[in-house]
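# Working through the structure, step by step
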Number of protein chains: 2
Amino acid sequence: MELLKGKIKKEGIVLSENVLKVDSFINHQMDPILMKEIGKEFANRFRNENITKVLTIESSGIAPAIMTGLELEVPVIFARKRKSLTLTSDLYTSTVYSYTKKETNEITVSQKYILEGDNVLIIDDFLANGQAAIGLAEIVEKAKAKVSGIGILIEKSFQPGAEDIISKGYRLESLARIKSLHNEDVQFVD
Amino acid sequence: MELLKGKIKKEGIVLSENVLKVDSFINHQMDPILMKEIGKEFANRFRNENITKVLTIESSGIAPAIMTGLELEVPVIFARKRKSLTLTSDLYTSTVYSYTKKETNEITVSQKYILEGDNVLIIDDFLANGQAAIGLAEIVEKAKAKVSGIGILIEKSFQPGAEDIISKGYRLESLARIKSLHNEDVQFVD
């Protein structure tokens, strides 16, 4: 998606060979017009999947997910992150390790909101090691619903998440695919 | 706002005299078409305030805030919550006590994103004791920007937050104002 790639080129800050900071338009300050266009793009790419729910994870996934749900006219659910669970009845849970924060979170979704027969589109901002996306997919599978696709804003293609998701048989659509962050420069996959 | 009040009447669950659960359309599962209408409503109510930024707090404020920012065509910032701060340089911070969760969080916003001269519209899902909204307002004041208004989806008018905000001189617009939750019934302020 050229609009997103242009914004990354212009405003993204390369902090290291692995870390791209996009907190001026995605992660902390958000550009609502860009988010709207991202929602349209995901809706177009997954239009033929008969999506019934969009699932994301708090907090940075919420804005692109709500715009995608708006275009597809389906409900949007955000999974909550917790350090540890006090109560698990009526919740689907999965464990997600964050390499960035070096911590393990449990992610939870109420069993009321993902049902057998649902076609679920998973949306998240970044794909690096794939932990969050795979954790969300596990929740969908536990609900006996279908993972109809995974939509990512920024894929760091040099990390293993994308390959891992595809090897599990899921359809992956990433709007910007980054080949490398060498020399403080963002190189996209052609 | 009749659309929101109707949805609360239909889908809200009164858990106690103080607690209204709206996690089927606001807090966990979200209704994107409702959120879009909420964004339009806030944009209309605050159109004359020359808003330059929308500020909210993760996670439930993000969906209505991004829709409001889309209508007003301004950036949206979400404050982050943390248990304790490791690094405070280049961040504005404030302390917020949650009566629901019985815990204190620090909320933070990067100093890059709220500037002197900004007219900031604060958006949040619930107003009860007013801690989150007042914490966000403190951050705006620290940045020497103006709190141009506070927009709330659901105000529990029988709790002190609304009065507290108005007594501080801020303009408050709540889309649904709840008078009481007695006998498992939602009564709105006329």
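Per-chain numbering applies: the sequence of each chain, read as written, is numbered from 1 onward. Labels are handed out in written order, letters beginning with A for the chains and numbers beginning with 1 for the ligands. Local features in this predicted model are restricted to residues whose pLDDT is 70 or higher, and side-chain atom pairs enter the listing and the counts only when it is 80 or higher, whereas totals over whole chains, interfaces and linings include all residues. Based on all heavy atoms of the structure, the side-chain values leave hydrogens and waters out of the count.

## Regarding the packing of helix α1 (residues 2–11) of chain B against helix α2 (residues 32–45) of chain B
Residue and element names in this part refer to chain B. Condition: To get an axis, a line is fitted to the C-alpha atoms, and for a helix only the part in contact is used. The angle between two axes follows their N-to-C directions and goes from 0 to 180 degrees. A run of DSSP states H or I qualifies as a helix once it reaches four residues; a run of E qualifies as a strand once it reaches two. Both are numbered from the N-terminal end. Throughout, a residue-residue contact means that at least one pair of heavy atoms, one from each residue, lies within 4.5 Å. All amino acids are sorted into three groups, where Ala, Val, Leu, Ile, Met, Phe, Trp, Tyr, Cys and Pro are nonpolar, Asp, Glu, Lys and Arg are charged, and the leftover types, Gly among them, are polar.
Direction vectors running N to C along α1 and α2 enclose 145 degrees, while the axes themselves pass 10 Å from each other. Counted together, Leu3, Leu4 and Lys7 of α1 and Leu34, Glu37 and Ile38 of α2 form the full contact between these two elements. Its residues assigned to classes, the contact of α1 with α2 shows four nonpolar, no polar and two charged.

## What to know about the side chain of Lys5(B)
Examined against the element boundaries, Lys5(B) turns out to sit in helix α1. Among residues more than four places away in sequence, those in contact with Lys5(B) are Leu175(B), Ala176(B) and Phe188(B).

## Some thoughts on the relation of the copies chain B and chain A
Applicable threshold: Superposing copies: least-squares fit, C-alpha atoms only, residues required to have pLDDT of at least 70 in both.
Mapping chain B onto chain A leaves a residual RMSD of 0.0 Å; the transformation is a rotation of 180 degrees accompanied by 0.0 Å of translation along its axis. Overall, the copies show the geometry of a two-fold rotation axis. When the interface residues of chain B are mapped onto chain A, 100% of them are again interface residues, pointing to one common binding face.

## Details of α2(B)
All names here are of chain B. Rules: For a helix, the expected span equals 1.5 Å multiplied by the residue count minus one. Each residue's exposure class comes from its accessible area (1.4 Å probe, protein chains only) as a fraction of the maximum for that residue type: buried when under 20%, exposed when over 50%, partly exposed otherwise. Contacts described as polar in this section are N or O atom pairs within 3.5 Å, which, within protein, must combine one atom able to donate a hydrogen with one able to accept it, while residues neighboring in sequence count only if both atoms come from side chains.
When the terminal C-alpha atoms of α2 are compared, their 20 Å separation across 14 residues agrees well with the 20 Å that a helix rising 1.5 Å per residue should span. What α2 keeps buried is the set Pro32, Leu34, Met35, Lys36, Ile38, Gly39, Phe42 and Ala43. For α2, the side-chain oxygen to backbone nitrogen distance between the N-cap and isoleucine 33 is 3.0 Å, and the N-cap itself is aspartate 31.

## Observations concerning the UniProt feature "binding site: xanthine" (unreviewed entry) in chain A
Put simply, the rule is: UniProt positions are given in the numbering used here, feature names are shortened, and annotations may be inferred rather than shown by experiment.
According to UniProt, the feature "binding site: xanthine" (unreviewed entry) maps to Leu20(A), Asn27(A) and Lys156(A) in the numbering used here. Within the secondary structure layout, Asn27(A) lies in the loop between β2 (20–21) and β3 (29–30). In this view, Asn27(A) contacts Val22(A), Ser60(A), Asp125(A), Phe126(A), Phe78(B) and Arg80(B); residues no more than four positions away in its chain are not counted. Of note, Lys156(A) is situated in strand β9 (residues 146–156). One polar contact links the side chain of Lys156(A) to the main-chain carbonyl oxygen of Asn18(A), over a distance of 2.7 Å.

## A short note on the pairing of strand β5 (residues 76–82) of chain B
Put simply, the test is: Strand pairing is defined by DSSP finding a minimum of two bridges between the two strands.
Bridge analysis of β3(A) against β5(B) gives two bridges, and the strand direction is antiparallel. Residue Met30(A) lies in a different strand from β5(B), and its bridge partner there is Val76(B). As defined by bridge partners, strand β4 (residues 53–57) of chain B adjoins β5(B) across four bridges and the pair is classed as parallel. Bridging across to β5(B), Thr56(B) finds its partner in Phe78(B). Where β5(B) and strand β7 (residues 103–110) of chain B come together, three bridges link them in antiparallel fashion.

## A closer look at the interface of chain B and chain A
Defined as follows: Buried area: the accessible area, evaluated with a 1.4 Å probe, that two parts lose upon being put together, summed over both parts. Each reported salt bridge corresponds to a side-chain nitrogen of Lys or Arg within 4 Å of a carboxyl oxygen of Asp or Glu.
Taken together, the contacts link 35 residues of chain B with 35 residues of chain A. A buried area of about 2,900 Å², summed over both sides, lies between chain B and chain A, and 65% of it is on carbon and sulfur atoms. On the surface where chain B and chain A come into contact, there are two salt bridges. Of the charged contacts, one joins Asp23(A) and Lys112(B) as a salt bridge, the two residues approaching to 4.0 Å between their closest N and O atoms. Elements with a minimum of two residues in the side of chain B that touches chain A: β3 (29–30), α2, α3 (62–72), β5 and β7 of chain B. Grouping the constituent residues of the side of chain B that touches chain A by class yields 18 nonpolar, nine polar and eight charged.

## A closer look at the nonpolar core
Here is the rule we go by: Nonpolar cores are built from buried Ala, Val, Leu, Ile, Met, Phe, Trp, Tyr and Cys residues. Side-chain atoms within 4.5 Å join them into one set.
Among the nonpolar cores identified, the biggest contains 74 residues, and Leu4(A) and Leu4(B) are the most heavily contacted of them. What Leu4(A) contacts, discounting residues up to four positions off in sequence, is Phe25(A), Ile26(A), Leu34(A), Ile38(A), Leu153(A), Ile154(A), Leu175(A) and Ala176(A).

## Focus on the side chain of Ser94(A)
All names here are of chain A. Here serine 94 is to be found in strand β6 (residues 91–98). Among the residues examined, serine 94 registers a relative accessible area of 3% and is labelled buried. Within polar-contact distance, the side chain of serine 94 engages the backbone oxygen of glycine 135 at 3.4 Å. Beyond its immediate stretch of four places on either side in the chain, serine 94 contacts Asn105, Glu106, Ile107, Gly135, Glu138, Ile139 and Lys142.

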